[in-house]
Amino acid sequence: MPQEFAQARNQESQQPQEQPTVMGESRMNGSVDALDAVLDDIESVLETNAQEYVNSFVQKGGE
Amino acid sequence: MPQLRDSGNHPVSDASRRSDEQPASVPGGADRFDRIFGIETEYGVSVTGADAACDAGAVAMEMFRPVVANTRSTNTYLENGSRLYLDVGSHPEYATAEARDPMDALAQDLAGEAVMRRLALEAQERLRSSHGDGLTVHVYKNNADSAGHSFGCHENYLVLRYVPLTMIERQLLPFLITRQIFTGAGRVTSGGFQITQRADFLDEAVSSATTRARPMVNTRDEPHADPDSYRRLHVIIGDSNRSQFATWMKMATTHLVLCVMESAVRHGCPTGFETCALADPNAANRAVNRDLGCRDARLDVVDEPGFRRDAVRAAGGEDFGVTALAMQYRYCAVVERFLERYGDAVDQSLNGTHARTVVEQWRGVLDAIAGGRFDAMADRVDWMAKRRLLEAMTARHPDIDPARLAQIDLDYHDVANGRTYEALTARGAMSMPVDAARVRTAVHEPPHGTRALLRGRFVREAKTSGAQYSCDWTRLTVHAPVRRELVLLDPFDDTVTEDFRSLLAAL
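Analysis parameters
- Residues numbered from 1 in each chain as written.
- Chains lettered and ligands numbered in written order.
- Predicted model: local features only at pLDDT ≥ 70, side-chain atom pairs only at ≥ 80, totals over all residues.
- Heavy atoms only, no water.
- Buried < 20%, exposed > 50% of the residue type's maximum accessible area, 1.4 Å probe, protein only.
- Helix = DSSP H or I, 4+ residues; strand = E, 2+ residues; numbered from the N terminus.
- Pairing = 2+ DSSP bridges.
- Salt bridge = Lys/Arg side-chain N within 4 Å of Asp/Glu carboxyl O.
- Arc of directions from axis to C-beta.
- Contact = heavy atoms within 4.5 Å.
- Phe/Tyr/Trp six-rings, centres within 6.5 Å; stacked < 30°, edge-to-face > 60°.
- Core = buried A, V, L, I, M, F, W, Y, C linked by side-chain atoms within 4.5 Å.

A. A look at the pairing of strand 12 (residues 230-235) of chain B. All names here are of chain B. Extensive coverage of strand 12 is indicated by the burial of six of its six residues. Side chains Tyr230, Arg232 and His234 project from strand 12 onto one buried face, and the interleaved Arg231, Leu233 and Val235 project onto a second face that is buried too. When strand 7 (residues 153-160) meets strand 12, the two strands line up antiparallel, connected through six bridges. Opposite Tyr157, over in strand 12, you have Leu233 as the bridge partner. In terms of strand pairing, strand 11 (residues 217-220) meets strand 12 through four bridges, oriented antiparallel.

As structure tokens, then:
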């Protein structure tokens, strides 16, 4: 599964990024530094046992 | 194709059963496009890090303890007119109060997240005293757990009754299936990343059975409104979104497509969506779900030459084949043309959302997809935001454990203790048309212009007075000291009548 994510990122970051038309514009488009900052944020707090975390979510019922 | 059944208590006329593409025109009626919007979300609950055994069902009950203490029921209506419900042994649910505008419904949906968050964190605090400080409550606004169970985020739209069910199936359903290219929340699976959460779990296309079968769209004839004018369209094929843009667009674009259909029936002319009819909606749904480029999976339409002709014209001469992208261009172009004539009337029926803005945003997303600029839409499309994060994480750690990716996928949807979506918003990475102040307001105040205003006010005053009361979507009841009841059949009516005043006086 990781392979499919180790892909097009290089291509995408080289293309000129268009500004998104206004809907509360985000500040992050095209900024690799900000994306790295987000990754840092996430890595510092995610529970270490990923499989156990995922497996803990079993939900009964629903449509 | 599953046979359409109408659960209504009136016979489905031969005319509407037979006609689909060219229904007889409906006389009278000015061009108004009033709509009632609603979103019902089933949340998932889990708990981690407890010292002692603690199961999710017990945690959900603990979340609702303050609610039950106040109302003696796990089914309650709030001051903002919305419904908060704990399906015992199952999901906490939040159903937004009736709204006239997708932006109001979005604010109410976010209010629901805030309510769930607060209940979860308060329960967490209480449970930590007995189960240790490591105990963490997770409340997931998503559609799949780790064990193959699926649950929903359902939209409700009041639709004019004269829109035939066959039109819903042939012309709305392809739209609902293909809109997922910008509404899908994305999902990490062992078979690869998918753009939606729900596609693998859905069965029949359209059904009026309510529980066991899991159709994509449902219609109900319930006394929520004048039954001769409206029916309730219940859209089941929809992901739970964190992206505000996605939630807003989900409803706004669906609304515009419905406006086109209603107007066409009213005037006895074609909608323009006729060639979009799918030969196999389920197959199309699965194909769209796996088509990460949105323009590579070929869909099976009933009239391929007709569709191709329409789609190429809609995309300004470009040929995107018979794919989700091509289909969305067609829907968008038809709506654009419709708005040239009816745009003002549509806007007058809304409360803040402008149809032309919706279409600009819609076309913007489609153009970005056409150009392969997925990262540019990562601030507004959940599956694109997720995929970009997962790719970046994999680039950072090429040998990353697949479970870590699944963890991020799940954490993205945790409204109580999630860090992924929260990190994105903290860094300004997500488009957020509704700010925190408006969400806070929406927790306590009903949306503008619907009977939710009356329900919300009734609930607020009833709670303050300490009287025994109950309510549901159509009924406000005082039980004690005096018994008095008011029925609210028209969801568009927010009038404070003498009867309503008398009801409040009985509290």
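That covers the picture; the talk isn't over yet.
B. Representation of the pattern of salt bridges in the model. For the structure shown, the criterion picks out 37 salt bridges over all chains. Across the pair Asp40 of chain A and Arg396 of chain B runs a salt bridge, and its minimum N-O distance is 2.9 Å. Remark: Arg396 of chain B occurs in helix 11 (residues 382-396) and Asp40 of chain A occurs in helix 3 (residues 32-45); the pair is interchain, linking two chains. Glu98 of chain B serves as the salt-bridge partner of Arg455 of chain B, at 2.7 Å between the closest nitrogen and oxygen. Of this pair, Arg455 of chain B sits in helix 15 (residues 452-465) while Glu98 of chain B sits in the loop between strand 5 (92-95) and helix 3 (102-131); the two residues are 357 residues apart in sequence, bridging distant segments of the chain. Each member of the pair Arg455 of chain B and Glu98 of chain B is classed as buried.

C. Representation of helix 14 (residues 436-444) of chain B in the model. Residue and element names in this part refer to chain B. Those residues of helix 14 that sit buried are Val439, Ala442 and Val443. One side of helix 14 carries all its buried residues, which in axial view fall inside an arc of 110°. Of the surrounding secondary structure, the elements contacted by the buried residues of helix 14 are helix 3.

D. Summary view of the side chain of Thr323 of chain B. Residues and elements named next belong to chain B. Here Thr323 lies in the loop between helix 8 (304-314) and helix 9 (324-348). Take Thr323: its relative accessible area is 4%, and that puts it in the buried class. For Thr323, the contacting residues outside a window of four places in its chain are Cys294, Arg295, Asp296, Ala297 and Leu299.

E. Fine view of the packing of aromatic side chains. All names here are of chain B. By the definition in use, this model includes 16 aromatic pairs over all chains. Ring centres of Phe33 and Tyr342 lie 6.0 Å apart, and the angle between their planes is 75°; this geometry places the pair in the edge-to-face category. One end of the pair, Phe33, is in the loop between helix 1 (14-18) and strand 1 (37-42); the other, Tyr342, is in helix 9, with 309 residues separating them in the sequence. Considered together, Phe33 and Tyr342 belong to a single accessibility category, that of buried residues. Pairing Phe37 with Tyr157 gives two aromatic rings, centres 5.9 Å apart and planes at 75°, and the pair type is edge-to-face. Of this pair, Phe37 sits in strand 1 while Tyr157 sits in strand 7, and the two are 120 residues apart along the sequence.

F. Highlighting the nonpolar core. All names here are of chain B. In this structure, Ile181 and Trp362 are the most contacted members of the largest nonpolar core, which totals 139 residues. Of the residues forming this core, the biggest block, 15 residues, is contributed by helix 9. If near-sequence neighbours (up to four positions away) are discounted, Trp362 is found in contact with Phe175, Phe182, Met249, Thr253, Val257, Gln328, Tyr331, Cys332 and Val335. The next biggest cluster of nonpolar side chains, apart from the first, holds 15 residues, and it includes Tyr77, Leu454, Leu476 and Ala506.

By themselves, these observations are geometric and do not establish any function.
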